[in-house]
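Examination of the molecular architecture
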Amino acid sequence: MKKNKWLLLLAFVLIISLLAACGGGDEEEAPEEDDETEEGTGDDGGDDGEETQPEGPVYGGTITGAMHTAPDGQFNPIFYETTYDSNILSFTHNSLLRQNDNLEYEPNIATEWEFSEDNRSVTFKLRDDVYWHDGEQFTADDVVFTYRSIAHPDYVGAGGQRSSYAAQLVGFEEYRAGETDEFPGVVAEDDFTVTFHYKEPNVTALMHSNFTPIPEHIFADVPVAEMPEHPASQQAGEVIGTGPFQLASMIEGQEYRLEKFEDYWQGEPYLDAIVWRIVNQDIMLSLLETGEIDFIGDPSGFQPADYAMVEDMDHITIIEQRDFGYQLLGFIHNYVPEEDLEEGVFVPENYIENPRISNPQVRQAIAHAIDREALIGDGPGDGLLHGRGELMNAPIAPQFWAYDDVNPKEYDYNVDLANELLDDAGYIDVNDDGFREDPDGNEWVLTMVYPSGNEIRERSAPIIVEDLEAVGIKVDLLSPFDMSAYTGALTETKEFDLYLLGWSLGTGDPDPSGLWSADAGFNFGRWYNPEAEELRIAAVTPPDAFDQAYRTEVYSDWQVMFQEDLPALILYAQNMLFAHSNQMQGINPSVASFNRDNHLWWLLPEDN
Amino acid sequence: METKELPKEMKMDNPQGDDNKKIKKGKTPFQLAMGRFMKNKAAVISVVVLLLIIVAVIAAPLITSHDPTESNLRNIEKGPSSEHYLGTDSSGRDTFARMLYGGRVSLIVGFSAMIFTLVIGVILGSIAGYYGGRVDSIIMRFADMMLILPFLVLVLVVVSILPKVTIGIFVAVIALTSWPGLTRIVRGSYLSLREQEFVLGAKAIGARDFRIIFKHFIPNAIGPIVVNATLMMASYIIAESALSFIGFGIPQPTPTWGNMLSEAQSIRILQNNPEAWIPPGLAILVTVLCINFIGDGLRDAFDPKSSKRS
């Protein structure tokens with residue numbers, strides 16, 4: 001390392017002179033990777049079966065973690081939007097249930113639950129020893145209040161995006177329309193018993209009733225429309241949850257300090273405090289090396305290319321696990337007509353077909369033309385992911401029982417087959433310019449777009465273009481979009497054909513409706529395949545859907561159809577790479593988060 | 001300075017062709033300037049180095065057989081070898097080829113933006129400086145308005161709005177945002193020239209405005225114009241590098257020295273692969289230094305009063 005110091009110095013001189021020379025250098029915008037988190041799950045909470053070290057955990061100590069993008073500062077579980085806020089909330093709040101490594105639900109602050117015979121209701125027994133950070137006891141009324149807030153007429157207008165949690169409850173429409181003050185969907189039977197009543201037998205009732213509660217005694221007098229701006233949603237010291245840590249102080253955009261909550265229901269957390277620092281991804285590793293930060297965890301971990309470097313740090317432990325999401329190359333099947341855009345609705349029957357890639361053979365040819373394995377690579381020093389990722393052939397997280405890794409078609413890299421498919425489809429180079437023309441002999445150019453932020457995804461864009469040009473497809477690659485402008489552009493523009501995007505998936509249920517139903521906002525390709533729709537709906541339609549084997553079967557068919565029709569080609573799932581110092585003990589990540597059981601984290605005393 | 005230029009005006013009106021000996025003795029101001037320039041070692045060496053760089057980037061296809069945009073994911077971040085003189089970057093593209101072709105882009109951007117600015121600046125400056133009055137106020141107020149807009153921020157905004165940034169657009173954006181500086185310089189020179197006797201003379205014999213501007217004003221203001229244009233070219237090359245470095249310049253896979261440097265944002269490449277970023281960094285450094293030395297040399301040559309730094 002020493003001999004490289006002068007290089008480092010030289011680099012800094014060069015960079016600084018560059019920036020200084022052009023008059024007030026601009027800070028690089030910190031990459032924003034997982035903005036498209038589908039939904040956060042308050043998936044921390046406790047586990048009684050902790051593994052004990054020989055010496056045993058000790059109390060005390062402060063650790064520092066790093067995020068590359070600052071939270072928006074919305075620390076209300078029913079209103080937060082970004083994965084960075086959720087990173088704070090996973091320390092400060094608890095949800096009723098938690099999920100184990102097989103994604104089965106387990107008790108958390110609810111101890112047990114029971115379905116009624118008609119499967120329309122589910123009753124939860126709550127713990128009677130759970131307290132909010134300000135000392136008030138957590139009761140069934142808080143749960144009722146939370147769902148009333150989500151279903152409130154003003155909720156969506158105030159920026160809330162989680163109505164879907166309440167939408168299937170009895171009386172939701174009437175209550176949301178403001179016709180009545182009664183919301184019979186959630187009822188507190190007594191202080192520690194709460195029952196959810198669904199309009200129909202609900203296959204995903206546990207997921208829908210597992211929303212993180214907010215404190216009624218704080219928000220009771222706050223109109224829902226003003227809740228997002230209320231200090232208890234935004235300010236350090238005012239945010240109240242039931243989690244093991246409370247947000248004690250913050251310097252907005254720089255540092256967020258969480259201090260332990262001594263009366264936590266699973267026992268006093270070992271650590272005194274956890275500090276989140278917001279630092280650029282590029283300097284995280286040097287901070288880790290010097291010990292200025294103790295861990296790199298959610299939401300992005302560190303980069304695969306840096307693996308060897310982190311491995312060389314003697315005081316650091318690496319945790320590698322499968323991502324709970326994927327990166328994709330989407331095909332824009334349809335466009336939303338102007339009238340529907342104005343009204344803000346997605347009506348699949350009105351979609352306008354995109355003729356440039358409407359032929360499934362063309363999409364399949366594209367899928368065969370892209371060398372996905374090269375993107376992932378075989379190992380260190382190979383590919384964009386240095387071997388730290390996996391192929392996926394269906395858009396359901398492989399950690400779920402519903403993922404089918406056998407039947408959906410796998411598109412291997414096969415240039416000859418791609419050429420053949422395109423020739424068959426009538427896309428032939430008639431004017432000898434090296435690129436294929438469409439079947440009518442007109443110029444055929446596909447417009448591809450991608451967002452900035454995820455460095456590996458950005459680098460993959462020109463490589464994918466190269467792969468496509470190798471089979472004679474002319475691609476117009478636009479400059480990367482800022483993530484905030486990207487989703488809007490995807491929805492409204494009618495010139496795009498291919499798009500890159502990544503999804504982090506929810507752990508609640510494998511149901512892909514949020515991303516791939518024909519009328520889902522996130523279905524940017526506006527994929528509308530009536531048969532696939534039928535399957536997707538059948539998979540959550542009672543009574544058959546209460547049988548998991550049946551759902552598995554239907555989802556398998558749906559995944560096969562997905563791969564056949566290709567609303568998107570799943571490019572890869574990049575492994576999550578977490579790193580923490582050896583001083584940090586008791587780390588027990590879940591399949592989707594580093595933050596699980598953070599009340600059990602502890603710090604080896606310095607002299608060890 | 002203006003009094004020194006007077007003989008030139010007189011000479012031009014002097015139709016004798018057999019005056020060679022006389023002229024040899026009394027060189028034209030331009031020749032005098034060139035003489036002074038040639039005595040400036042730093043400037044002359046800079047011209048030679050810059051010419052070498054220009055030849056190298058023009059002859060890129062002869063020097064390397066690699067395509068600078070062709071990636072090879074099976075061969076990334078490799079060190080120097082006989083196949084890849086400077087190794088490959090993180091997408092498996094040949095760094096040496098990218099150096100050469102990237103130099104093309106960087107120099108083209110710098111040079112064409114400079115020419116573009118020059119055209120706008122000289123035209124607007126001439127109009128404002130020569131006609132004065134209301135035209136002058138309008139143009140100069142507009143220039144002031146452009147001047148208060150922070151260049152880099154403006155370029156960032158424009159570049160992020162545009163769906164696709166090409167070299168042409170990039171040049172236009174730079175030029176359209178940085179013309180006021182040159183315009184003011186041109187206008188300033190004209191204001192003092194306007195009061196000179198030879199201009200009055202030219203007007204008196206009925207020369208058209210166009211002729212006066214081109215025959216009398218521009219040659220007399222050429223010094224500051226050339227000097228500033230040269231220095232501007234250097235700053236444009238840096239601007240392009242800086243914007244590409246932070247990801248707002250010419251997008252990949254088109255190579256430029258700036259977006260090659262952006263590889264070094266990763267601490268790993270910074271430490272382990274110096275061959276990936278030192279060459280483009282040095283290339284920018286050397287090119288910009290050369291251009292600045294040439295600019296300084298030109299200024300000293302055109303304006304002898306400022307050159308006497310003992």
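Residues numbered from 1 in each chain as written. Chains lettered and ligands numbered in written order. Predicted model: local features only at pLDDT ≥ 70, side-chain atom pairs only at ≥ 80, totals over all residues. Heavy atoms only, no water.

**Things to note about the overall build of chain B**
The condition that has to hold: The secondary structure listing takes helices from DSSP runs of H or I that are at least 4 residues long and strands from runs of E that are at least 2 residues long, numbered from the N terminus. Any residue under 20% of the maximum accessible area for its type is buried, any over 50% is exposed, and the rest in between are partly exposed; the area is computed with a 1.4 Å probe on protein chains only. When checking whether two residues touch, look at their non-hydrogen atoms; a contact exists if any pair is within 4.5 Å.
Helix and strand counts for chain B stand at 15 helices and 0 strands. Counting all 310 residues of chain B, 50% fall into the buried class. Partitioning the contacts of chain B with sequence separation of at least 6, the portion at a separation of at least 24 is 70%.

**Quick look at the interface of chain B and chain A**
Inclusion rule: A quick way to say it: buried area is the sum, across both parts, of accessible area lost when two parts are put together, with a 1.4 Å probe. The term salt bridge refers to a side-chain nitrogen of Lys or Arg lying within 4 Å of a carboxyl oxygen of Asp or Glu. Identification of polar contacts relies on pairs of N or O atoms within 3.5 Å, with a donor-acceptor requirement for protein atoms, meaning one able to donate a hydrogen and the other able to accept it, and with residues adjacent in sequence counted only if both atoms are side-chain atoms.
Contacts between chain B and chain A engage 37 residues on the former and 39 residues on the latter. With both chains or domains summed, chain B and chain A bury close to 3,500 Å², and 64% of this area falls on carbon and sulfur atoms. The three residues of chain B that bury the most area against chain A are Leu73, Arg74 and Gln271 of chain B, which together make up 20% of that side's buried surface. The tally of links between chain B and chain A comes to 4 salt bridges. Across the pair aspartate 382 of chain A and arginine 74 of chain B runs a salt bridge whose closest N-O atoms are separated by 3.0 Å. Summed over the shared surface of chain B and chain A, the number is 9 residue pairs in polar contact (both at pLDDT 80 or more). Those elements that provide at least two residues to the side of chain B that touches chain A are α8 (151-161), α11 (209-245), α13 (267-272) and α14 (274-302) of chain B. For the side of chain B that touches chain A, the element with the highest residue contribution is α13 of chain B, accounting for 5 residues.

**A short note on the sheet that holds strand β20 (residues 568-574) of chain A**
As a general point, the strands of a sheet are linked pairwise by backbone hydrogen bonds and lie either parallel or antiparallel. All names here are of chain A. Test applied: Any two strands with at least two DSSP-identified bridges between them are counted as paired.
Spatially, β16-β20-β13-β19-β17-β18 is the arrangement adopted by the 6 strands of the open sheet, whose pairing is mixed. Looking at strand neighbours, the two that pair on one side only are β16 (389-390) and β18 (474-477), the edges of this open sheet. Here strand β13 (residues 325-331) runs beside β20; their pairing, made up of 4 bridges, is antiparallel. Residue pairing in the sheet places glutamine 327 in a bridge with tyrosine 572 of β20.

**Topic: the environment of tyrosine 130 of chain B**
Residue and element names in this part refer to chain B. Looking at where tyrosine 130 falls in the secondary structure, it is placed in helix α6 (residues 95-131). Its relative accessible area of 6% is what places tyrosine 130 among the buried residues. Excluding residues within four positions of it along the chain, tyrosine 130 makes contact with Gly125, Tyr190, Arg194, Lys203, Asp209, Ile212, Ile213 and Phe217. A distance of 2.9 Å separates a polar atom in the side chain of tyrosine 130 from a polar atom in the side chain of aspartate 209.

**What to know about the environment of aspartate 294 of chain A**
All names here are of chain A. Relative to the helices and strands, aspartate 294 resides in the loop between α8 (281-290) and β11 (295-296). Accessibility expressed as a relative area gives 14% for aspartate 294, which makes it buried. In this structure, the C-alpha to C-alpha distance between aspartate 294 and isoleucine 456, residues 162 residues apart in sequence, is 25 Å. Once residues within four sequence positions are removed from consideration, aspartate 294 is found in contact with Thr62, Ile63, Thr64, Leu288, Ala579, His580, Ser581 and Met584.

**Here we look at the side chain of threonine 183 of chain B**
Residues and elements named next belong to chain B. Considering the arrangement of structural elements, one finds threonine 183 in helix α9 (residues 167-193). Assessed through its relative accessible area of 0%, threonine 183 is described here as buried. With near-sequence residues (within four places) excluded, threonine 183 lies in contact with Gly121, Leu124, Gly125, Ile139 and Met140.

**Details of the packing of helix α3 (residues 29-39) of chain B against α14 of chain B**
Residue and element names in this part refer to chain B. Basically, it comes down to this: Interaxial angles span 0 to 180 degrees and are taken between N-to-C directions of axes, which are lines fitted to C-alpha atoms, for helices over the stretch in contact. Relative orientations are named as follows: roughly parallel for angles under 35 degrees, roughly antiparallel for angles over 145 degrees, roughly perpendicular for angles from 65 to 115 degrees, and oblique for any other angle. With the far helix as reference, a near helix turned anticlockwise by less than a right angle produces a left-handed crossing, and one turned clockwise produces a right-handed crossing. All amino acids are sorted into three groups, where Ala, Val, Leu, Ile, Met, Phe, Trp, Tyr, Cys and Pro are nonpolar, Asp, Glu, Lys and Arg are charged, and the leftover types, Gly among them, are polar.
Remark: α3 packs on α14, axes separated minimally by 8 Å, with the N-to-C direction vectors making an angle of 135°. What the angle tells us is that α3 and α14 run oblique. As for the relative orientation of α3 and α14, their crossing is right-handed in sense. Each of Ala33, Arg36 and Phe37 in α3 lies in contact with α14, whose residues at this interface are Ile294, Gly297, Leu298, Asp300, Ala301 and Phe302. For the contact of α3 with α14, a count of residues per class yields 6 nonpolar, 1 polar and 2 charged.

**Quick word on the side chain of asparagine 94 of chain A**
All names here are of chain A. Within the element layout of this structure, asparagine 94 appears in the loop between α2 (83-92) and β2 (97-99). Here the side chain of asparagine 94 touches tyrosine 264 through a polar contact of 3.3 Å, side chain to side chain. Of note is the side chain of asparagine 94, whose polar atom sits 2.9 Å from the side chain of tryptophan 265.

**Description of the environment of valine 471 of chain A**
Residues and elements named next belong to chain A. Looking at the secondary structure, you find valine 471 in the loop between α14 (455-470) and β18. The spatial distance from the C-alpha of valine 471 to the C-alpha of alanine 418 is 7.0 Å, given a sequence separation of 53 residues. For valine 471, the contacting residues outside a window of four places in its chain are Ala369, Val415, Ala418, Asn419, Leu422 and Arg436.

**Examining the packing of α6 of chain B against α11 of chain B**
Running from N to C, α6 of chain B and α11 of chain B cross one another at 145°; their axes reach a closest spacing of 8 Å. Where α6 of chain B crosses over α11 of chain B, the handedness of that crossing is right-handed.

**Overview of a nonpolar patch on the surface**
Heads up, the condition is: Patch membership requires over 30% relative accessible area and the absence of a salt bridge. Like charges are linked within 9 Å, and nonpolar side chains (Val, Leu, Ile, Met, Phe, Trp, Tyr) within 5 Å. Surface accessibility follows the Shrake-Rupley procedure with a 1.4 Å probe radius. Residue values consider only the protein chains on display as shielding.
Side chains of Leu282, Leu285, Val286, Leu289 and Phe293 of chain B sit close together on the surface and give an oily, nonpolar patch of about 390 Å² of accessible area. Note that leucine 289 of chain B resides in helix α14.

**A closer look at the pairing of strand β8 (residues 245-251) of chain A**
Residues and elements named next belong to chain A. Bridge count for β8 against strand β9 (residues 255-260) is 6 bridges, and the pairing is antiparallel. Residue pairing for β9: phenylalanine 245 is matched across the bridge by lysine 260. Remark: 3 residues form the turn of the hairpin made by β8 and β9, two consecutive strands paired antiparallel; glycine 253 in that turn has positive phi of roughly 80°.

**Observations regarding the pattern of salt bridges**
Residues and elements named next belong to chain A. By the definition in use, this model includes 32 salt bridges over all chains. The salt bridge partner of arginine 98 is aspartate 597, with a shortest N-O separation of 3.2 Å. Pair noted here: arginine 98 is in strand β2 and aspartate 597 is in the loop between β22 (584-585) and β23 (602-603), with a separation of 499 residues, a long-range link. As far as the burial class goes, arginine 98 and aspartate 597 line up, both buried. In the salt-bridge network here, residues are joined through shared partners; they are Arg98, Glu106 and Asp597.

**Quick look at α9 of chain B**
Let me state the cut-off plainly: The span one expects for a helix is its residue count, reduced by one, times 1.5 Å. Values of bend correspond, residue by residue, to the angle between axes fitted over the seven residues ending at that residue and the seven starting there.
For α9 of chain B, with 27 residues, the first-to-last C-alpha span of 37 Å sits near the 39 Å given by 1.5 Å per residue. The principal kink in α9 of chain B, of about 45°, is found at serine 178 of chain B, preceding the proline proline 180 of chain B by one to four residues.

**What about the nonpolar core?**
Across soluble globular proteins, nonpolar side chains have a tendency to be buried as a group. What counts is decided by this rule: Residues grouped as a nonpolar core are buried Ala, Val, Leu, Ile, Met, Phe, Trp, Tyr and Cys residues, joined through side-chain atoms within 4.5 Å.
Residues Phe170, Tyr190, Phe217, Trp257 and Trp277 of chain B are the most contacted members of the largest nonpolar core, which totals 72 residues. Per-element accounting of this core gives the leading share, 16 residues, to α11 of chain B. Once residues lying within four places of it in the same chain are set aside, the contact partners of phenylalanine 170 of chain B are Val109, Val159, Val165, Glu240, Leu243, Phe248, Gly249 and Ile250 of chain B. Membership of the second largest hydrophobic core comes to 46 residues, among which are Trp132, Tyr155, Phe196 and Ile240 of chain A.

Keep in mind these numbers describe shape, not what the thing actually does.
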